[in-house]
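# Analysis of the macromolecular model
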Amino acid sequence: MIPENTGPAAVIVLAAGAGTRMKSRTPKILHEIGGRSMVGHALLAARSINPRQLAIVVRHERDLVARHLSELDPAAVIVDQDEIPGTGRAVEVALHALDGEQHLTGTVVVTYGDVPLLSGQLLAELVATHEREANAVTVLTAVLDDATGYGRILRGDDGTVTGIVEHKDASDAQRLIGEVNSGIYAFDAAVLRDALTHVTTDNSQGEKYLTDVLGLARQAGGRVAAVVTADRWQVEGANDRVQLSALGAELNRRIVEAWMRAGVTVVDPTTTWIDSSVTLAEDVRILPNTQLHGATTVARDAVVGPDTTLTDVTIGEGAKVVRTHGSGAIIGPDAAVGPFTYLRPGTVLGESGKIGAFYETKNVTIGRGSKLSHLGYAGDAEIGEDTNIGCGNITANYDGEKKHRTVIGSGVRTGSNTVFVAPVTVGDGAYSGAGAVIRKDVPAGALALTVAAQSNTEGWVAANRPGTRSAELAQAATPDSSSTPASTEEGNQ
């Protein structure tokens, strides 16, 4: 961690581009990888080097982008780029906004909102080199096997940077150079401020180029140097969905590998996706086709997967979650969930509890050791400890206008296909019979039954479905029976 007040004077994040190649109504920098927007990753890296000021230059979809930035970093200064195009102009307006009544002194770092894998460590190395060597400008570079399309770094005999030539302007010899410009820089604030006043738009694009500052700095006697990174992914930007996907896959690979090195077992890294905001403990086991998103946390010895997607879910120590889709839920220690379970927000499963196959839960608290094993729905409910909810039970919590709450006590045993018509309360130790519809409160220790008399009409199939397979089997089973239907009633008490 960089100590307080030792970071650069400022970081300027350029985020004004339209990102037309994304072909999206969503601004490019708001597209996400690893559970965070690209500009969110950029701000995290920028803040990690503890700048005294942080500015973000915006233009395209200004209000939408600014709202997102304000949520991510309320202390950041949002600067609007004017009609003059170019990265040089974007930095110039940001510098004006940050200067205020007194000009900045020290190091100014310029980076981008669409370079999501850039780390704070690499930015810190850039700043440290810049300040140690007393450079006017220090550029971050990478060496690529195929540098097509990138600006090439030109160096002098002493190793300093003499210029940057764009690919389209490079000679055949210059195109053989593998070292490329990332567009990420550390500047001396005074050098940057003075040089920008001399940068013009007199070029084929009519833009004010930030790269022109390097030549002007050298002309003024300043030293221009480079920091070379061996990790090209840290300087890769995303201009379209293909590049975004590649960056997302690489980020996920790094996240998964880091967790494995921290003591997490990931059975199949290629089908496991973990957001950068997820927290895992040692000895967690992640099975194939699992996705962990948001603020999900998994405690020691828990097993998650296979085929599980969880968002903002807390999983206790030793719990097992199998083939489950869930969000906003809490799963207690040694609890079991799944398979084919849907956990909706507000689900709280207590220690050693169970939510089983084909169950949906929402806004329900389930006590320690209680079990909802198969085929049901529990919503807007509170269930005590050591209660067993039978197969096919549901809480009928919605009357068409309002939601109502069901309270089921501890030690309760409910029969199959019980329906709780909320609002209703079932006392501790109570039972319900199969098919019961609970419309009134059930006292502790009581048995609740709602049983209608069963009516059998004998011979009905032969009389009403003659010639069918059912009729043939019925006739074979009762050869002496008459085909005339006869009704009998049995009361089941």
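Presented here is a report on the structure given in the accompanying data block. Starting from 1, residues in each chain are numbered consecutively following that chain's sequence as written. It should be noted that, the model being predicted, local features are given only for residues of pLDDT at least 70 and side-chain atom pairs only at 80 or more, the latter also being counted only at that level, while totals for whole chains, interfaces and linings use all residues. Side-chain metrics rest on all non-hydrogen atoms present in the structure, leaving aside hydrogens and water.

## Section: a negative patch on the surface
- Nonpolar side chains (Val, Leu, Ile, Met, Phe, Trp, Tyr) within 5 Å and like charges within 9 Å form the patches, drawn only from residues with over 30% relative accessible area and no salt bridge. For the area figures, the Shrake-Rupley method with a 1.4 Å probe applies, and any residue is considered shielded solely by the protein chains shown. Any carboxyl oxygen of Asp or Glu that lies within 4 Å of a side-chain nitrogen of Lys or Arg is treated as forming a salt bridge with it. Positive charge is attributed to Lys and Arg, negative charge to Asp and Glu, and no charge count is given to His or to the chain ends. Every charge is mapped onto a representative atom, which is NZ of Lys, CZ of Arg, CG of Asp or CD of Glu. Together, Asp301, Glu317, Asp334 and Glu351 make up a region of like negative charge exposed at the surface.
- Judged by its relative accessible area of 39%, Glu351 is partly exposed. Under the scheme applied here, a residue whose accessible area is under 20% of the maximum for its type counts as buried, over 50% as exposed, and between as partly exposed, the area being computed with a 1.4 Å probe on protein chains only.

## Section: the nonpolar core
- By size, the foremost hydrophobic cluster in this structure holds 69 residues, and its most contacted members are Ile12, Val57, Leu192 and Leu210.
- Contacts are residue-level and defined by heavy atoms, with any inter-residue pair within 4.5 Å sufficient. Leaving out residues up to four positions away in the same chain, Leu210 has contacts with Thr87, Gly88, Val91, Val110, Tyr185, Phe187, Leu192 and Leu196.
- Within this scheme, the nonpolar core is defined by two criteria: the residues are buried Ala, Val, Leu, Ile, Met, Phe, Trp, Tyr or Cys, and they are joined through side-chain atoms within 4.5 Å. In this structure, Val266, Leu292, Val313 and Phe420 belong to the second largest nonpolar core, which totals 53 residues.

## Details of the pattern of salt bridges
- Taken as a whole and judged by the stated rule, the model has 25 salt bridges.
- Between Glu472 and Arg469 there is a salt bridge, with the nearest N and O atoms lying 3.7 Å from each other. A residue pair is termed a helical-turn pair when its members lie 3 or 4 positions apart in one helix, as Glu472 and Arg469 do in helix α9 (residues 469-477) at three residues.
- According to the relative accessible area criterion, Arg469 is exposed, its value standing at 57%.
- Put simply, Asp231, Glu250, Arg253, Arg254, Glu257 and Arg261 are held in one network by salt bridges that share partners. Where helices and strands are cited, they refer to DSSP runs of H or I of at least four residues and of E of at least two residues respectively, numbered from the N terminus.

## So, the packing of helix α1 (residues 38-48) against helix α2 (residues 62-72)
- Whenever a helix is involved, its axis is fitted only over the stretch in contact; in every case the axis is a line through C-alpha atoms, and angles between N-to-C directions fall within 0 to 180 degrees. Look at α1 against α2: their axes get within 11 Å of each other, and the N-to-C directions meet at 40°. Judged on the interaxial angle alone, α2 and α1 are oblique. Our pair here, α1 against α2, has a crossing hand that is right-handed. Residues Val39, Gly40 and Leu43 of α1 lie in contact with α2, whose contacting residues are His68, Leu69 and Leu72. These descriptions rest on fixed angle ranges, namely under 35 degrees for roughly parallel, over 145 for roughly antiparallel, 65 to 115 for roughly perpendicular, and the rest for oblique. What makes a crossing left-handed is the near helix being turned counterclockwise from the far one by less than a right angle; a clockwise turn instead makes it right-handed.

## A closer look at unusual backbone geometry
- A cis amide bond, omega 5°, links Gly338 with the succeeding residue Pro339.
- Within the secondary structure, Pro339 sits in the loop between β24 (336-337) and β25 (341-343).
- With an omega of 5°, the peptide bond between Ala422 and Pro423 qualifies as cis.
- Note that Pro423 resides in the loop between β33 (419-421) and β34 (424-426).
- Positive phi, close to 55°, is recorded for Phe358, a residue that is not glycine.

## Remarks on the packing of helix α3 (residues 87-99) against helix α5 (residues 189-196)
- One way to put it is that α3 packs onto α5 with a least axis distance of 10 Å and a crossing angle of 125°. Overall, the two elements α3 and α5 adopt an arrangement that is oblique. In this structure, α3 crosses over α5, and the sense of that crossing is left-handed. Between α3 and α5, the residues in contact are Gly88, Val91, Glu92, Leu95 and Asp99 and Leu192, Arg193 and Leu196, respectively.
- Classification convention: Asp, Glu, Lys, Arg as charged; Ala, Val, Leu, Ile, Met, Phe, Trp, Tyr, Cys, Pro as nonpolar; all other residues, Gly among them, as polar. Of the residues in the contact of α3 with α5, the class split is four nonpolar, one polar and three charged.

## Points about the side chain of Asp380
- As for its placement among the helices and strands, Asp380 is situated in strand β28 (residues 371-383).
- The class of Asp380 is buried, set by a relative accessible area of 8%.
- Any N or O atom pair separated by 3.5 Å or less is treated as a polar contact, with the protein-specific requirement of one donor-capable and one acceptor-capable atom, and with residues adjacent in sequence counted only for side-chain atom pairs. Within polar-contact distance, the side chain of Asp380 engages the side chain of Lys362 at 2.7 Å.
- At a separation of 2.8 Å, a polar atom in the side chain of Asp380 contacts the side chain of Asn363.
- With residues up to four places along the chain from it excluded, the contact list for Asp380 reads Lys362, Asn363, Asn397, Lys403, His404, Arg405 and Thr406.

Treat this as a map of the structure, not an account of what it does.
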